[in-house]
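# Examining the three-dimensional arrangement
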Amino acid sequence: MTQDELKALVGQAALKYVVPGDIVGVGTGSTVNKFIDALAAMKDQIQGAVSSSEASTVRLKALGIPVFDSNEVESLSVYIDGADEIDHQGHMVKGGGAALTREKIVAAQSKQFVCIADESKLVDALGAFPLPVEVIPMATARVMRQFVAMGASAVVRQKDGQPLVTDNGQHIVDVKGLKITDPVAFESTVSQWPGVVTVGVFALQKAQVCLLGTSAGVKTLNF
Ligand code: 5RP
C-alpha cells in the first residue's frame, strides 16, 4: 500500500471514535484530510466540528460540516489528529503543518486524543523530525540561540521566500539535532521560554490511542 492509501485507511478507521450527536475535534494535515473526507458520510449524525486550522475549516465547510468556535464548546469527546512522530508511550511531535498551537488548544478541550498516522511515524524516541516551535517574531533569534546552546540547529520556516506566518500571525522555528529523552520535561521547559507560543512536543497532552496504518491493516495502539 502507498503512504496515501495508509492515510486513507486510518482516516476511515477513526470514524468509529466519533460519537454520534457530538461535536468532534479535528486536526490538520494530509492524514486528517482523509479523515475529514470520511467524516462527510457521517455529517448528519454529528453537530459539527471544532477545527485546529484555517485549512481544515475550509475543507470541513466545503463538505457541509458546521464548524464551531473553540470558545463556544466547553468540552469535546474526541480529538482526531495526525502526527509527525509518535513514540511507544503516545508522546508526539506535531506542527509539520504549522498548526501546532490551535492543535494543542483543541486537544486540551478534548477528553480523548486519537492519533491517526501511517507506520513511518512510529519512532522509538522523538527528535529525528525537525521540531516545530511557534514563536513571537521578536523572540526568534534568542529562542534559536537557546536551541543552539543545547547542541541543536534552528531555522525560521520559510514560505515563498519569506518567514511563514501562522494562522495566529507568528513564525515557526524548526529545530534539528535534538535528543528528546524526557518529552514531558522538555515540553514543560521550552514552553516557559519567553516568546515561545507553543512547542511541537505533545507529551503533557499525549495520545490515548494511535490508529497506525500498516501494510497488514490498521493497528490500534492504546497508551
Ligand atoms: C500539522 C500537524 C500534522 O498533524 C502533522 O504534520 C502530520 O501531518 P500529515 O498527516 O500531513 O503527515 O501537526 O500541524
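Just above, that's the structure.
In what follows, the accompanying structure is described. Because the structure is a prediction, the values reported are computed rather than measured.

Cut-offs and rules
- Residues numbered from 1 in each chain as written.
- Predicted model: local features only at pLDDT ≥ 70, side-chain atom pairs only at ≥ 80, totals over all residues.
- Heavy atoms only, no water.
- Phe/Tyr/Trp six-rings, centres within 6.5 Å; stacked < 30°, edge-to-face > 60°.
- Helix = DSSP H or I, 4+ residues; strand = E, 2+ residues; numbered from the N terminus.
- Buried < 20%, exposed > 50% of the residue type's maximum accessible area, 1.4 Å probe, protein only.
- Lys NZ or Arg CZ within 6 Å of the ring centre and 35° of its normal.
- Disulfide = S-S within 2.5 Å.
- Polar contact = N/O pair within 3.5 Å; in protein donor to acceptor, adjacent residues only side chain to side chain.
- Contact = heavy atoms within 4.5 Å.

We now examine the packing of aromatic side chains. Within the structure shown, the criterion is met by two aromatic pairs. Here Y79 and F113 contribute two aromatic rings whose centre-to-centre distance is 5.0 Å and whose plane-to-plane angle is 90°, an arrangement assigned as edge-to-face. Taken together, the residues span a long stretch of sequence, with Y79 in strand β4 (residues 79–81) and F113 in strand β7 (residues 113–118) at a distance of 34 residues. By relative accessible area, F113 is classed as buried at 3%. Plain terms: the ring middles of F147 and W193 are 4.8 Å apart, the flat faces sit at 55° to each other, and that makes the pair tilted. Residue F147 is located in helix α5 (residues 140–149), and its partner W193 is located in the loop between α6 (183–191) and β13 (196–199); the two are separated by 46 residues in the primary sequence. With respect to class, F147 is no different from W193; both count as buried. In this structure, K94 is placed above the aromatic ring of F202, and the distance from its NZ or CZ to the ring centre is 5.5 Å. The side chain of K104 reaches across the aromatic face of F202, ending 5.0 Å from its centre.

What follows covers the state of the cysteines. Taken as a whole and assessed by the stated rule, the structure comprises zero disulfides. Just so you know, C115 is unpaired, no disulfide at all, and the nearest cysteine sulfur is the one on C210, 4.3 Å from it.

Let's shift gears to the side chain of S110. Summarising the element assignment, S110 is placed in the loop between α4 (100–108) and β7. Look at S110 and you get buried, because its relative accessible area is 13%. Separated by 2.7 Å, the side chain of S110 and the backbone oxygen of V106 make a polar contact. In this structure S110 touches L76, V78 and Y79, once residues within four positions along its chain are discounted.

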